[in-house]
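Chain and residue survey
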Amino acid sequence: MEQKIHLFGLSHKTAEVEIREKFALTGFNPVSLELISKDGPVYEALVLSTCNRVEILCVGNQDQEQVKGKVLESWAGFCGAEKDLLSRHIYHYTDREAVRHLFTVAASLDSMVLGEPQILGQLKDAYRKAVEERSTGVIINRMMHKSFSSAKRTRSETAVSSSAVSISYAAVELAKKIFGELDTHKAMLIGAGEMAELAALHLLNQGLKEIMVANRTLERAQELARRFGGQAMCLEDIFDYLHHIDIIISSTGSTSAIIRARDIREVLKKRKNRPMFFIDIAVPRDIDPDVNQLDNVYIYDIDDLQEVVEENLAGRKEEAQKAGEIVEQEVDKFEKWLNSLDLSPTIVDLLNKGESIARKEVRKSLRNLPPDTDERTVQTMEHLAESLVGKLYHEPIVFLKRRAREEGSSEKYIDLARKIFNLDEEQIPDNPHAEKKRK
Amino acid sequence: MLSFRILDLTIALLYLSGAITFVLGLIYTRKKVQNVSIWMTMCGFVLHTADLGLKYALGLGEVLTQSQFYVSLMAWTLLLIFFLLWWRLKLNFLSLIAAPLALVTFSWSLAISPATLPIPGILQGLWFGLHIGSLFISIALLAMAFGAGLAYLHLDSKIKTKSRMGNVTKELPSLTTFDRVNHWAVLAGFPLFTIGTFSGFIWAAFTWRTIFTWDPKEIFTIGVWLIFAWLFHKRATGGWKGRKPAKLAILIFILSLISFVGINFFTETHHSLRP
């Protein structure tokens, strides 16, 4: 094959943020900026530009240096920066390595927070844009689709994305473990701080029924309550409301505990022992740790939540190994498909498939003939079936050969032929485009 | 008879596959496998229903005097209550208790000799409906509360002590859901237990002309009833939630099991299920 897959990139692992910013490719169009040209070394290209990662995936000719030169020139030129500086920081993968890297990125195994699924959405956006700009062809199209399905497989077959890896999410997960669905529950935010507000926001996103905000200054409480669509109150009044509240997020600047076990004992009586969950993000702590000794009361401080996050991250690393194995299997499959894009294997596959169908049908027909049918009739039937296959596939094979000769590259026709005759034996769902139609 | 043997073995096999598959689904955290296991148990349950119905219809009521039938009915009731809770609360997890318990109870019923018990005919219909029916449903509810109680205590201690949750624990439903199973089991189970117990006394009054005969089963049941009544009262009016009712439901179920297995089969009692 005359083509080679290339992947050039900068990521949080290889280049500091200043370099990534300098070489960001937002708005880069490979077609209008002539990275792809009819006679040039690059035939297909896709650009991914996020805050943690800038990558160009392309299909070019066999001359690696020529492709690299063209890509770096175009990239550095677009950013108005030195090509040498870019060259010092980028990584460059080809063929199998490039496919593996893309599948690893899509599965979020190369992300800053392992398993966080945002990158898949960013990749889908990048692909959508590339399709609109018509900068992709058979190979990148297939590669992207396979990277999405491979990422889906890693998510469903491993727990790499399943556990919360931020403090606020860990708090939400715990609340769900205690209360189940949160749509009938109320929370109270005592004091304000970035992390407490984030936790409150996550709780609201999970469908929390209502949130109350208490603060030393009523104005600040009102300001926050407006943001969360909740009710504001002074810090002194919290005990009048606590028996209605299921989740309490506290982060005041108080130097001593503002909620003690004896207060909560009274509150529990009023709320008939319905469970309460305290998230104490303040340092020093706002809630007396003895509260945890009471039945149906749970309290997590910032260190406890941090521990949960670290455990979850460790769990994700274990799962990442399994996910890596899935990626490797998918890379193998893709490579097999890629190799089949040469003309000869496709012709062989086509004829093999046809002959196997013919043999099967002949066997079936022979069963309907009387047992004393003579050998000559059997041979004639077999010959007829084989000739039919040869004749039926003659024209498509001649067509593929002619395209290869005249256009220099026949991948899109070979790919189409493989799809039409399902030479890769793929399982095709009954209605594969139903989702697209709904959109 | 051979066809009944084949039917019984098929039911037992379906319960066994349901129980094993569920454990595998839980260990490997595969929801689909768990669902398959529940459908297997459900197929077993449908065949079990047919099995009981046919035995009753063909035996024309004679089966009501066989201990085998009652043990099999106990297994069936356990699953009936499990499927009701599964349908209402979407609690796949209770299958971990329901399928193995049904399997053990049903297999046990197959091992018991089908010999006839000396059951007085008087008020048999009412005795069956009230005494056995309500007690069995109540015990099945307690079995579910037992499973939910164990899961509650496990999850509660994990959250309280902030210790690492394994994959199986992470898959568990919330504490509130388990507490709700306990709530239903106690609020529905206790009145049924009461009806079952006192209909027995009324039946005894007709049969032996005395309400209380100091039979070991009667004494034990009164003890269990008192503990159950305390739990019911605390749950309904005292605002008990969480650990305490979970622990008490576990205790009551264990006592009921001792009563059903230990007293009915191993002591001298007129409730004996020994052939």
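Residues numbered from 1 in each chain as written. Chains lettered and ligands numbered in written order. Predicted model: local features only at pLDDT ≥ 70, side-chain atom pairs only at ≥ 80, totals over all residues. Heavy atoms only, no water.

1. Some details on the overall build of chain A
We apply this condition: Only DSSP runs of H or I reaching four residues or more are called helices, and only runs of E reaching two or more are called strands; each is numbered from the N terminus. Relative accessible area decides the class of each residue, using a 1.4 Å probe on protein chains only: under 20% of the type maximum gives buried, over 50% gives exposed, and in between gives partly exposed. In what follows, a contact means two residues having at least one pair of non-hydrogen atoms within 4.5 Å. Areas reported as accessible are Shrake-Rupley estimates using a 1.4 Å probe. Residue values count occlusion only from the protein chains shown.
Assigned secondary structure in chain A consists of 16 helices and 10 strands. Split into buried and exposed, the 439 residues of chain A put 47% on the buried side. Long-range pairs, those at least 24 residues apart, make up 71% of the contacts in chain A with a sequence separation of at least 6. For chain A, the exposed area adds up to about 22900 Å²; of that, 49% sits on carbon and sulfur atoms.

2. Some thoughts on the overall build of chain B
Assigned secondary structure in chain B consists of 9 helices and 0 strands. Beginning at the N terminus, the succession of helices and strands in chain B can be written as α-α-α-α-α-α-α-α-α. Evaluated residue by residue, chain B yields a buried proportion of 52% over its 275 residues. Long-range contacts, defined here as pairs at least 24 residues apart, represent 77% of the contacts in chain B between residues at least 6 apart. Of the roughly 12300 Å² of accessible surface on chain B, a fraction of 74% belongs to carbon and sulfur atoms.

3. Details of the sheet that holds strand 4 (residues 91-94) of chain A
Residues and elements named next belong to chain A. Short version of the rule: Strands were regarded as paired on the criterion that DSSP finds at least two bridges between them. Between N-to-C directions, angles cover 0 to 180 degrees, with each direction set by a line fitted to C-alpha atoms, over the stretch in contact for helices.
Strand order in this open sheet of 4 strands is 2-3-1-4, and the pairing throughout is antiparallel. The open sheet is flanked by strand 2 (42-49) and strand 4, the only strands paired with a single partner. Each neighbouring strand pair of the sheet contributes to a mean axis angle of 15°, computed without reference to strand direction. As judged from the 4 bridges shared by strand 1 (residues 3-11) and strand 4, these two strands associate in the antiparallel manner. Residue Gly9 lies in a different strand from strand 4, and its bridge partner there is Tyr91. Packing against the sheet, helix 2 (residues 64-79) makes contact with strand 1, strand 2, strand 3 (53-61) and strand 4, and its axis sits at approximately 40° to strand 1. Sitting on the sheet, helix 5 (residues 118-132) is in contact with strand 2 and strand 3, with an inclination near 140° to strand 2.

4. With respect to the confidence of the model for chain A
Going by this rule: Confidence of the predictor at the level of single residues is captured by pLDDT, which takes values from 0 to 100.
With 96% of its residues at a pLDDT of at least 70, chain A reaches an overall mean of 87. Of all secondary-structure elements in chain A, the lowest mean pLDDT belongs to helix 16 (residues 434-438) of chain A, at 50, while helix 4 (residues 95-106) of chain A reaches the highest, 95.

5. Thoughts on a nonpolar patch on the surface
Residue and element names in this part refer to chain B. Let me state the cut-off plainly: Patches were defined on residues exceeding 30% relative accessible area and lacking a salt bridge, with like-charge contacts within 9 Å and nonpolar side-chain contacts (Val, Leu, Ile, Met, Phe, Trp, Tyr) within 5 Å. Here, a salt bridge means any Lys or Arg side-chain nitrogen found within 4 Å of an Asp or Glu carboxyl oxygen.
Residues Leu13, Leu16, Ile20, Val23, Leu24, Ile27 and Tyr28 make up a contiguous nonpolar surface patch of about 650 Å² in total accessible area. You can see Leu13 is positioned in helix 1 (residues 2-27). The exposed category is assigned to Leu13, whose relative accessible area is 51%.

6. Considering the sheet that holds strand 7 (residues 231-234) of chain A
Residue and element names in this part refer to chain A. Strand order in the open sheet formed by 6 strands is 7-6-5-8-9-10, with parallel pairing between adjacent strands. The sheet terminates laterally at strand 7 and strand 10 (297-301), the two strands that pair on one side only. Averaged over all pairs of adjacent strands, the angle between strand axes in this sheet comes to 15°, irrespective of strand direction. One ladder, built from 5 bridges, connects strand 5 (residues 186-190) with strand 6 (residues 210-215); its direction is parallel. For Leu189, the partnering residue across the bridge sits in strand 6 and is Val213. Along the sheet, helix 7 (residues 167-179) contacts strand 8 (247-250), strand 9 (276-280) and strand 10; its crossing angle with strand 9, the most-contacted strand, is approximately 170°.

7. Concerning the nonpolar core
Selection rule: Among buried residues, the Ala, Val, Leu, Ile, Met, Phe, Trp, Tyr and Cys ones that are joined through side-chain atoms within 4.5 Å form a nonpolar core.
Residues Ile247(A), Ile249(A), Phe277(A) and Met144(B) are the most contacted members of the largest nonpolar core, which totals 109 residues. In terms of residue count, helix 5 (residues 124-161) of chain B provides more of this core than any other element does, 17 residues in total. Dropping the residues within four chain positions of it, Ile249(A) is found in contact with Met188(A), Leu189(A), Ile190(A), Ala196(A), Ala199(A), Ala200(A), Leu203(A), Ile279(A) and Ile281(A). Listed in part, the 52 residues of the second largest apolar core include Ile5(A), Val59(A), Leu123(A) and Ile397(A).

8. Overview of the packing of aromatic side chains
Note the following rule: Ring geometry is summarised as follows: Phe, Tyr and Trp rings, the Trp one being its six-membered ring, pair when their centres sit within 6.5 Å, and such pairs are stacked at plane angles under 30 degrees, edge-to-face over 60 and tilted between the two. The rule is short: NZ of Lys or CZ of Arg within 6 Å of the ring centre and within 35 degrees of the ring normal puts a charge over the ring.
Inspection of the entire model under this criterion finds 24 aromatic pairs over all chains. Ring centres of Trp39(B) and Trp86(B) lie 6.3 Å apart, and the angle between their planes is 90°; on these two criteria the pair is classed as edge-to-face. Placement of the pair is Trp39(B) in helix 2 (residues 31-59) and Trp86(B) in helix 3 (residues 67-89), with a sequence separation of 47 residues. Relative to Trp86(B), the ring of Phe83(B) has its centre 6.0 Å away and its plane inclined at 85°; by these criteria the two rings are edge-to-face. Of this pair, Phe83(B) and Trp86(B) both sit in helix 3, 3 residues apart, roughly one helical turn. Take Phe83(B) and Trp86(B): they sit in the same class, and that class is buried. Members of the aromatic cluster, connected to one another through ring pairs, are Phe190(B), Phe193(B), Phe198(B), Phe201(B), Trp225(B), Phe228(B) and Phe232(B). Sitting over the ring of Phe148(A), Lys124(A) keeps its end group 5.6 Å from the ring centre. Between Arg88(B) and the ring centre of Trp87(B), over which it is positioned, the NZ or CZ distance is 5.9 Å.

9. Quick notes on helix 5 of chain A
Because the α-helix completes a turn every 3.6 residues, residues three or four places apart line up on one side. Residues and elements named next belong to chain A. For clarity, the cut-off: Here, expected helix span is obtained from the residue count minus one, scaled by 1.5 Å. To be clear, the arc concerns the directions from the helix axis to the C-beta atoms.
The terminal C-alpha atoms of helix 5 lie 22 Å apart, and with 15 residues this matches the ideal 21 Å at 1.5 Å per residue to within 8%. Within helix 5, the full set of buried residues consists of Ile119, Leu120, Leu123, Ala126, Tyr127 and Ala130. Projected down its long axis, helix 5 shows its buried positions confined to an angular sector of 120°, all on one face. Buried residues belonging to helix 5 abut strand 2, strand 3, helix 4 and helix 6 (138-157). Looking one or two places after helix 5, you find Arg134, whose phi comes out positive at around 55°.

10. Notes on the UniProt feature "active site" (unreviewed entry) in chain A
Condition: UniProt positions are given in the numbering used here, feature names are shortened, and annotations may be inferred rather than shown by experiment.
The UniProt record marks Cys51(A) with the feature "active site" (unreviewed entry), using the residue numbering of this structure. Mapping Cys51(A) onto the fold places it in the loop between strand 2 and strand 3.

11. Some words on the confidence of the model for chain B
It should be kept in mind that the predicted coordinates are not to be read in detail where pLDDT is low. All names here are of chain B. Looking at chain B, the pLDDT average stands at 84 and 89% of residues meet or exceed 70. Within chain B, helix 6 (residues 167-171) has the poorest average pLDDT of any element, 80, and helix 8 (residues 216-236) the best, 90. Interface confidence in the predicted complex, given as ipTM, is 0.83; pTM for the same model is 0.70.

12. Topic: the interface of chain A and chain B
The condition is simple: Take the accessible area each of two parts loses on contact, using a 1.4 Å probe, and add the two losses: that sum is the buried area.
Each side of the interface is counted separately: chain A has 24 residues, and chain B has 25 residues. With both sides pooled, the region where chain A packs onto chain B buries about 1900 Å², and carbon together with sulfur makes up 44% of that total. It is Lys177(A), Asp295(A) and Tyr298(A) in chain A that bury the most area against chain B; as a group they hold 32% of the surface buried on that side. Our count for the chain A to chain B interface comes out at 2 salt bridges. Between Asp304(A) and Lys162(B) there is a salt bridge, and its shortest N-O distance comes to 3.0 Å.

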